[in-house]
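Structure assessment
Residue-level listing of the chains:
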2 protein chains.
Amino acid sequence: MDLHDLTRKLHVKNDSKIVLLVADGLGGMPLNPGEKTELETANTPNLDELARKGVLGLSTPVLPGITPGSGPGHLGLFGYDPLQYQIGRGVLEALGIDFELGPNDVAIRGNFCSLDAAGNITDRRAGRIASDIGARLCEKLDKITVPDVEVFVRPVKEYRLVIVLRGEGLEGNVEDTDPQKTGVPPLDPVARDAGSQRTAEVIAEFLRQAREVLKDDHPANFLTMRGIDKKPHIPSYEEVYGLRAAAIAVYPMYRGLARLVGMDVLDAGSTLEDQCTRLEAVWNDYDFFFVHFKYTDSTGEDGNFAAKVERIEQLDAVVPRIAALKPDVLIVTGDHSTPSKMRSHSWHPVPTLLSANLARTDACTSFGENSCLKGGLGQFQAKHLMLLALAHAQRLEKFGA
Amino acid sequence: MDLHDLTRKLHVKNDSKIVLLVADGLGGMPLNPGEKTELETANTPNLDELARKGVLGLSTPVLPGITPGSGPGHLGLFGYDPLQYQIGRGVLEALGIDFELGPNDVAIRGNFCSLDAAGNITDRRAGRIASDIGARLCEKLDKITVPDVEVFVRPVKEYRLVIVLRGEGLEGNVEDTDPQKTGVPPLDPVARDAGSQRTAEVIAEFLRQAREVLKDDHPANFLTMRGIDKKPHIPSYEEVYGLRAAAIAVYPMYRGLARLVGMDVLDAGSTLEDQCTRLEAVWNDYDFFFVHFKYTDSTGEDGNFAAKVERIEQLDAVVPRIAALKPDVLIVTGDHSTPSKMRSHSWHPVPTLLSANLARTDACTSFGENSCLKGGLGQFQAKHLMLLALAHAQRLEKFGA
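Because the structure is predicted, anything quoted here is derived from the model rather than measured.

What counts and how
- Residues numbered from 1 in each chain as written.
- Chains lettered and ligands numbered in written order.
- Predicted model: local features only at pLDDT ≥ 70, side-chain atom pairs only at ≥ 80, totals over all residues.
- Heavy atoms only, no water.
- Least-squares fit on C-alpha atoms with pLDDT ≥ 70 in both.
- Core = buried A, V, L, I, M, F, W, Y, C linked by side-chain atoms within 4.5 Å.
- Buried < 20%, exposed > 50% of the residue type's maximum accessible area, 1.4 Å probe, protein only.
- Helix = DSSP H or I, 4+ residues; strand = E, 2+ residues; numbered from the N terminus.
- Contact = heavy atoms within 4.5 Å.
- Pairing = 2+ DSSP bridges.
- Axes fitted to C-alpha atoms, helices over the stretch in contact; angles between N-to-C directions.
- pLDDT = per-residue confidence, 0-100.
- Buried area = accessible area lost by both parts, 1.4 Å probe.
- Salt bridge = Lys/Arg side-chain N within 4 Å of Asp/Glu carboxyl O.
- Polar contact = N/O pair within 3.5 Å; in protein donor to acceptor, adjacent residues only side chain to side chain.
- Nonpolar A, V, L, I, M, F, W, Y, C, P; charged D, E, K, R; others polar.

1. Some thoughts on the relation of the copies chain A and chain B
Aligned on chain B, chain A shows an RMSD of 0.2 Å; the corresponding rotation is 125° and the shift along the axis is 0.3 Å. Expressed as a symmetry operation, the mapping of one chain copy onto the other fits a three-fold axis. Among all residues of chain A, the one whose C-alpha sits closest to the rotation axis is Lys374 of chain A, at a distance of 4.2 Å.

2. Observations regarding the nonpolar core
If you look at the biggest cluster of nonpolar residues, it comprises 64 residues, and the most contacted ones within it are Tyr80, Tyr237, Met263, Phe288 and Phe290 of chain A. Ranked by residue count, the leading element in this core is helix α14 (residues 385–392) of chain A, at 7 residues. In this view, Tyr237 of chain A contacts Leu77, Phe78, Tyr80, Gly242, Leu243, Ala245, Val261, Met263, Phe288 and Met386 of chain A; residues no more than four positions away in its chain are not counted. Among the nonpolar cores identified, the runner-up in size contains 49 residues, and Val240, Ala249, Ala356 and Ala389 of chain B belong to it.

3. Quick look at the sheet that holds strand β1 (residues 18–23) of chain A
Residues and elements named next belong to chain A. Strand order in this open sheet of 8 strands is β9-β8-β10-β1-β11-β12-β2-β13, and the pairing throughout is mixed. Every other strand in the sheet has two partners, leaving β9 (264–265) and β13 (378–381) as the edge strands with one partner each. Bridge analysis of β1 against strand β10 (residues 288–293) gives 6 bridges, and the strand direction is parallel. In the strand pairing of β10, Leu20 is matched with Phe290. Helix α12 (residues 305–323) rests against β1, β10 and β11 (329–333) of the sheet, and its axis sits at about 170° to β1. Along the sheet, α14 contacts β1, β10, β11, β12 (350–356) and β13; its crossing angle with β11, the most-contacted strand, is approximately 155°.

4. With respect to the sheet that holds strand β2 (residues 55–60) of chain B
Residues and elements named next belong to chain B. One open sheet accounts for 8 strands, arranged β9-β8-β10-β1-β11-β12-β2-β13; its pairing is mixed. Across the chains shown, the open sheet's two edge strands, defined by having one partner strand only, are β9 (264–265) and β13 (378–381). Two strands pair when backbone bridges link them, and β2 and strand β12 (residues 350–356) are joined in this way by 5 bridges, in the antiparallel orientation. What sits directly across from Ser59, in β12, is Val350. The strands that helix α4 (residues 70–77) touches are β1 (18–23), β10 (288–293) and β11 (329–333); relative to β1, the one it contacts most, it runs at about 155°. Where helix α10 (residues 272–281) meets the sheet, its contacts fall on β8 (245–249) and β10, and the angle it forms with β10 comes to roughly 175°.

5. A few points about the confidence of the model for chain A
Residues at a pLDDT of 70 or more form 100% of chain A, whose mean pLDDT is 96. Taken together, the chains of this predicted complex give a pTM of 0.92 and an interface ipTM of 0.91.

6. Section: the interface of chain A and chain B
At the interface, 28 residues of chain A touch 34 residues of chain B. The junction of chain A with chain B conceals about 2,300 Å² of combined surface from both sides, 66% of it contributed by carbon and sulfur atoms. On the chain A side of the interface with chain B, the three residues burying the most area are Arg360, Phe399 and Ala401 of chain A, jointly 36% of the side's total. Remark: the boundary between chain A and chain B carries 0 salt bridges. Our count for the chain A to chain B interface comes out at 10 residue pairs in polar contact (both at pLDDT 80 or more). Secondary structure elements with two or more residues in the side of chain A that touches chain B: α1 (3–10) and α14 of chain A. Looking at the side of chain A that touches chain B residue by residue, the class counts come to 14 nonpolar, 9 polar and 5 charged.

Below you can see the structure in the form of structure tokens.
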């Protein structure tokens, strides 16, 4: 049974408030066995206080051993099975530059590449051109027109770009044109189903013109395409949970992911303090608040243990402002682990803290990976977190009589 | 894969005995964070002794955050996925009054209601008429006859009744006639599929006559219907586990649930001591014994922490009588939690104790929510409990070679 068939039937509305505070990549690991993790090293009196009053656990974002990207990581936290709802790379890149995708838009991740005189790829990243060059080339490509279709070309960073095709009757099921190797020409766009035939034709026409437009721009004299897809249809928070939800996130990708599930995406300023100010300002307007903090992930990806510790302490410092609003349920967690030792996302379960009046408290007195291992929530699948949030807010009726 | 495809293939018969002692709503929570739960407060030397010799854990009845009714709670304990086997409210009400439903019976939960002169509902509960009035009206309705169909009308309590239609070719997929509001007439019965068309017609004819029969009985001058359904087909304990199973339960609903999975439902007397006496008497006749104790739930629903503690101690007192029979596997658990603090069923995981010669013991020395959190069974889905029971009774063969 689909989780949301259940929540659609069981959810009720009340005046409760739920805050989901996501510290991106929160989970970590010790630099050496027997030492403390980043979260355990950080001085977090406010989170520890919440841990004493609440209940802890560890969430598995997708499956044991599976390292999630930001998309699956957040969809899981939002209560959507990340194996069921998969987001194409083109869509994710579009979200990441705050491009507002419509339901008929096909989004494509592009890479500028270098072609030799024979038309074979010599460099799949066009010599990693600078971002300003990439941006200038995107402006040129953005002028391409295809009959009956709106074409948007937007730079991402360096050799990376996003192409969006907007028009009636375009499906997104088209093969990559990136051959994933050099010495061969880019592939032609091939539709995988009849509904995507027209999309493949539009792409072929776009690429025909692009070859002309870029012919003098070596090393970026062409582009390849990957992750061609439309955004998935994801039922909204309002529909499946009956929640008026707001996202208070600074980074575009997380704003975009929140938009995918129907959250209102609010101006968030640029710091955690700005985000708290926004949270306070809109407290009466919503039932559910997703607050996203990026820097626990980015410091982890930098491999900077001390900086990640510092960012966690920064997070801890705003907890009293959030707690002062007296949410019925306050959850602090991450979308995945990003151990500084690994300099990357990882599969390790994610520390999770749920503070609520109806939490069955456990013996945990601090927030950390080892403490969470003894927590009352046990180890659970991230996609079930929203069920727990709703339950503790008394927003779910009894199942069956 | 269906769990029972597995057990059908793997189960073997032997002379072992399994006792499943269900304390309804066993799980609880502290009145204040940091205090003890009902189970932790109770003085339970016998359960603690079992805990030392056995292995503990916490079961999730349906999914994290999902609060089960008694039906799903018990089906889970019996090893049937409560999301797969859903029981209509009419069926559950019929079980609750010990009405023995046949495979062709359509069961309906009825509510007496008040209609005004225009035929609109003015009170959906008919002024909460006394039970004896409800019973008298049911006697009148029970005389209604519909061609080719047997009609049974039985009182439940106050304004609540059960209607059972018995006849060939009746499916149970008919919409409620209760409009869930006043100021409008009851809805007509509408079939949701072709097979239920005749059922809808029978119901319409019954309601036509009922309106006439009850016309002078204001405030109970009509009735609405909900939860129209047949009992689900559930494969029996004998078939899926190879167990001759007996239910020793006092309350009708639990007797009915046991009957649904093919247990023999035995006379149980009215007290735990009576139930133990019955257990002793039939010990040689069955492989599996479901013993149900209601009052841990009802005291929880009353919000009476001290009374729930007392009921748990009462349960503890009969443990030596059960243990003296030397069951190969003795499980003590609940079908869900009912914290006195909440005065209701809840989603919190349920303390579970499994005592068996082959249990891999853990460090737990007492039976309580926090102790169970450290137990060797971990947190597990209730529907897997029967697999553990069978395994510890050496009734499951190896899977694969």
